[in-house]
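A structural walkthrough
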Amino acid sequence: MDYNFKVLQHISDFWMGYEITGFTWNHGRILNELPSFHVFRISPKKENEPWIYISSGIGKIIGKEFVISSPVETHEHIETLVMLASACFNKVVDVHIGKVINIGRPWLEGSQFSNLLISLPYPYGRKLEIMDAIQFLWLLPISDKEKEFLYSHSLDELETLFDEYGIDYLNPNRKSVI
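What this report covers is the structure whose coordinates are included nearby. Note that this is a predicted model, so its numbers are computed, not measured. (Residues numbered from 1 in each chain as written. Predicted model: local features only at pLDDT ≥ 70, side-chain atom pairs only at ≥ 80, totals over all residues. Heavy atoms only, no water.)

1. Section: the pairing of strand β6 (residues 115-119)
Most of β6 is tucked away, with five of its five residues classed as buried. Side-chain alternation along β6 places Asn115, Leu117 and Ser119 on one buried face and Leu116 and Ile118 on a second face that is also buried. When strand β5 (residues 100-102) meets β6, the two strands line up antiparallel, connected through three bridges. Counted as the bridge partner of Val100 is Leu117 from β6. Where β6 and strand β8 (residues 134-142) come together, five bridges link them in antiparallel fashion. Bridge assignment links Ser119 to a residue of β8, and that residue is Trp138. (Buried < 20%, exposed > 50% of the residue type's maximum accessible area, 1.4 Å probe, protein only. Helix = DSSP H or I, 4+ residues; strand = E, 2+ residues; numbered from the N terminus. Pairing = 2+ DSSP bridges.)

Structure, rendered in structure tokens:
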């Protein structure tokens, strides 16, 4: 079975009845590195639900795919997932839970968050997280201060603060917990 079809089937089972659109990237080195790389976008059904962007293709190499949740639809998330897939392909970045990726720009226009914490997909649970030997990981936008706290403390301590403050991870201007 085609890998992208398998990912599509996995996320279609999770987001049953949701509109899912596939995107490819038409320029840059990703075309040579991962020519079948896709990003799937899940459109919300209700106004308070997020837009979801999921990579498809890098998992064949590193055993991981990535999820971005967003309050708005934007091609920037497709670009972010393409950039991360290329960096993983070229072994520029070692991806693991607790790793922070600085994407060099805000995750959404006007936001203070330009760092993405690689995390378990807490909002979606284990049913989304595991597809055979592939693990889907969540890219959570965090502030520079939260990143510094993570580096000087631990992921558990930072996640505890997120829970205590009840962060709205979809708010591009949420207050930092630090």
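2. Side note on the packing of aromatic side chains
Under the defined criterion, the tally for this structure stands at four aromatic pairs. An angle of 75° between the planes, with centres 4.6 Å apart, marks the rings of Phe14 and Trp15 as edge-to-face. The exposure class of Phe14 is partly exposed, given its relative accessible area of 23%. Put simply, the rings of Phe14, Trp15 and Tyr124 touch in pairs and so form one group of aromatic residues. Over the ring of Tyr18 we find Lys45, and its NZ or CZ is 4.8 Å from the ring centre. (Phe/Tyr/Trp six-rings, centres within 6.5 Å; stacked < 30°, edge-to-face > 60°. Lys NZ or Arg CZ within 6 Å of the ring centre and 35° of its normal.)

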